[in-house]
Amino acid sequence: MKYWKKYTQEKLRTSIDNALKKNVNFTEDPSLGYPASKLDEMVFYHDAPFLKEAPLLRTFVANPNHIGCHTIGESESAFKGTHEIEREVLNVLAVDVFKAETGKFDGYIATGGTEANIQALWVYRNLFINKYKAKLDEIVIISSEDTHYSIPKGSNLLSIDSLSIPVDFENRQIIEQELDDIIKKAKENGKKYFIAICNMATTMFGSVDNPDVYSDALIKNNVEFKMHIDGAFGGFIYPFSKEDSNLNFANPHISSITIDAHKMLQAPYGTGVFLSRKNLIENVLTQEAQYVNGMDVTLCGSRSGANALAVWMILFSYGPYGWFEKISVLLMRTDWLCKKLDKLNVEYYRQDNMNIVTIKSEYIPKELAEKYDLVPQTHTGDNKWYKIIIMSHVEVSDLEAFFDELEKIRLN
Ligand SMILES: *Cc1c(COP(=O)(O)O)cnc(C)c1O
């Protein structure tokens, strides 16, 4: 680990104080040109004593703007202290967690997984247009049927087609023959440029796609392609639980990654992460963004620096080993549940190294699913699965209460 460390509370606080000091102080500095200020002082506390002990709230009140991307070109100097905090977060994630080389990546804290995924599609669409003069109808997105709906959303927004690859019902893995057939057919229909979305844990099953399946099939069919990893859910688990994972920048076929900090990391909503290799993000430069100092290469405009700070605080409070321990506890609880279900002969899907257990709906009466808030695969029509996600608030005693009720029903 080059960047990721565990800091004491004292060190966390002083680092944040220093970062805020380097930002503009709207109360004291003459700053006449910004269409922004700290949070309204009539309505929100701005010098209450408890803020001293609450660095995230303090940053929230100071209201730094992180508009743009801070790994490339210039940035607004008014918020350089917290921009540095954002860069530290990106270094930890890109280099220490996802094996990029120092200085060889770009990224930013996006509003969430949806934005980061659409950012990736946007970058590749424009790359194919800029580099190969591709027409919109020559570009296509491919992803498994278990892929998150932000991908079809992006396909719609960007006017590029998207093809869904069937997965095996039991093991949720891409059916390789189907993938090959779909690529061949797409080629016959004039598609030349492929954007592959590889899931590092799907939302419903926690299933992880093998990126080699995509890259082998695309290379075999001799088409141009780029691959993006959707690690919105799994990004803060899988790299820690699966040591020899090939879902990172050490894999030459992978060009970008989405991670959500507001899921497993328990940061406030509005906190996703987009990471890509160097020399890609420029493809979405908006030349017209003249009032922003630096290059605007991000999908969202203004965004709060408090979100970056929240991720920074979580990462540096735990440190890498603390985070590994937290994930390990969740996986132990998941193992506990799976063993119990095995004993009852209840069928379920679980991806190794993940904390999602998706149970076949025929084993779970609807009332029980509703009582424990299990999430169905579909809210309309023929639901075949219910999922349980072992987040930190889901303790073994909660799982046991659910299991005891299920056992009574099954044994009757
Ligand atoms: C949640 C999720 C998303 C979308 O993330 P938001 O943060 O809700 O925008 C994308 N992909 C996967 C796999 C997800 O689980």
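Here, every reference points to the structure presented above.
Below: a short report on this structure. (Residues numbered from 1 in each chain as written. Predicted model: local features only at pLDDT ≥ 70, side-chain atom pairs only at ≥ 80, totals over all residues. Heavy atoms only, no water.)

**A short note on the pattern of salt bridges**
Evaluation of the coordinates by the stated rule reveals 20 salt bridges. Close ionic contact of K263 with D260 constitutes a salt bridge, the shortest N to O distance being 3.6 Å. According to the relative accessible area criterion, K263 is partly exposed, its value standing at 26%. Close ionic contact of D382 with K384 constitutes a salt bridge, the shortest N to O distance being 2.9 Å. Judged by its relative accessible area of 38%, K384 is partly exposed. Within this structure, E10, R13 and E53 form a network of salt bridges that share partners. (Salt bridge = Lys/Arg side-chain N within 4 Å of Asp/Glu carboxyl O. Buried < 20%, exposed > 50% of the residue type's maximum accessible area, 1.4 Å probe, protein only.)

**Some remarks on the environment of A261**
Here A261 lies in the loop between β6 (254-260) and β7 (272-277). Among the residues examined, A261 registers a relative accessible area of 0% and is labelled buried. Separated by 209 residues in sequence, A261 and K52 have C-alpha atoms that sit 25 Å apart. Sequence-distant contacts of A261, defined by excluding residues within four places in its chain, comprise F236, Q266, A267, T271, G272 and V311. (Helix = DSSP H or I, 4+ residues; strand = E, 2+ residues; numbered from the N terminus. Contact = heavy atoms within 4.5 Å.)

**Some details on the nonpolar core**
Counting residues in hydrophobic clusters, the biggest one holds 91 residues, and the most contacted among them are Y214, L275, L315 and I364. Take this core: its biggest share by element is 15 residues, from helix α9 (residues 305-343). Apart from the residues lying within four places of it in its own chain, the contact partners of Y214 are I142, S143, S144, I165, I174, L179, A196, I197, C198, D209 and M227. A120, V123, I197 and I281 belong to the second largest nonpolar core, which has 27 residues in total. (Core = buried A, V, L, I, M, F, W, Y, C linked by side-chain atoms within 4.5 Å.)

**What about the side chain of R125?**
Secondary-structure assignment places R125 in helix α4 (residues 113-132). No salt bridge is formed by the buried R125; the nearest opposite charge belongs to D161, separated by 12 Å. (Lys, Arg positive; Asp, Glu negative; His and termini not counted.)

**Examining the packing of helix α1 (residues 9-22) against α9**
Running from N to C, α1 and α9 point in directions that differ by 155°, and their axes come no closer than 10 Å. By the criterion of interaxial angle, the relationship of α1 to α9 is roughly antiparallel. Taken as a pair, α1 and α9 cross one another with a handedness that is right-handed. Within the contact between the two elements, α1 uses Q9, L12, S15 and I16 and α9 uses L309, W312, M313, F316 and S317. Of the residues assigned to the contact of α1 with α9, the class counts are six nonpolar, three polar and no charged. (Axes fitted to C-alpha atoms, helices over the stretch in contact; angles between N-to-C directions. Parallel < 35°, antiparallel > 145°, perpendicular 65-115°, else oblique. Left-handed = near helix turned anticlockwise from the far one by under 90°. Nonpolar A, V, L, I, M, F, W, Y, C, P; charged D, E, K, R; others polar.)

**Comments concerning the packing of helix α3 (residues 80-97) against α9**
Viewed as axis vectors pointing N to C, α3 and α9 meet at an angle of 50°, and their least axial separation amounts to 9 Å. As judged from the angle between their axes, α3 and α9 are oblique. Crossing hand, α3 versus α9: left-handed. On the side of α3, the interface is formed by I85, E86, E88, V89, V92 and L93, while α9 contributes A308, L309, V311, W312, L315 and F316. Residues belonging to the contact of α3 with α9 are distributed by class as follows: ten nonpolar, no polar and two charged.

**A short note on the sheet that holds strand β4 (residues 193-199)**
A sheet is described by the order of its strands in space; here seven strands give the open sequence β1-β7-β6-β5-β4-β2-β3, paired in mixed fashion. Pairing within the sheet leaves two strands with one partner each, and these edge strands are β1 (105-110) and β3 (161-165). Ignoring which end each strand starts from, the neighbouring axes of this sheet average 20° apart. In terms of strand pairing, β4 meets strand β5 (residues 224-231) through seven bridges, oriented parallel. Paired with A196 across the two strands is M227, which belongs to β5. Across the sheet, helix α5 (residues 150-158) lies against β2 (139-144), β3 and β4, angled at about 170° from β2, the strand it touches most. (Pairing = 2+ DSSP bridges.)

**Thoughts on the site of the ligand**
Neighbouring the ligand are 14 residues, the closest being T114, D230, D260, H262 and K263. In this structure, G113 approaches the ligand through a main-chain N or O atom, which is 2.9 Å from an oxygen atom. When the free accessible area of the ligand is taken as 380 Å², the share hidden by the protein chains comes to 86%. (Near = heavy atom within 4 Å. Polar contact = N/O pair within 3.5 Å; in protein donor to acceptor, adjacent residues only side chain to side chain. Areas by Shrake-Rupley, 256 points an atom, 1.4 Å probe, with all protein chains shown as cover.)

**Some details on the sheet that holds strand β8 (residues 348-349)**
Spatially, β8-β9-β11-β10 is the arrangement adopted by the four strands of the open sheet, whose pairing is antiparallel. Strands with a single pairing partner mark the edges of an open sheet, and in this sheet they are β8 and β10 (375-376). As paired elements, strand β9 (residues 356-360) and strand β11 (residues 385-389) share five bridges and run antiparallel to each other. Considered in β11, the bridge of T358 is made with K387. In this fold α9 packs onto β8, β9 and β11, with an angle of close to 20° to the strand it touches most, β9.

**A closer look at α3**
With 18 residues, α3 extends 25 Å from end C-alpha to end C-alpha; this agrees with the ideal 26 Å at 1.5 Å per step. After α3 finishes, the residue K99 shows a positive phi value of roughly 60°. (Expected span 1.5 Å × (residues − 1).)

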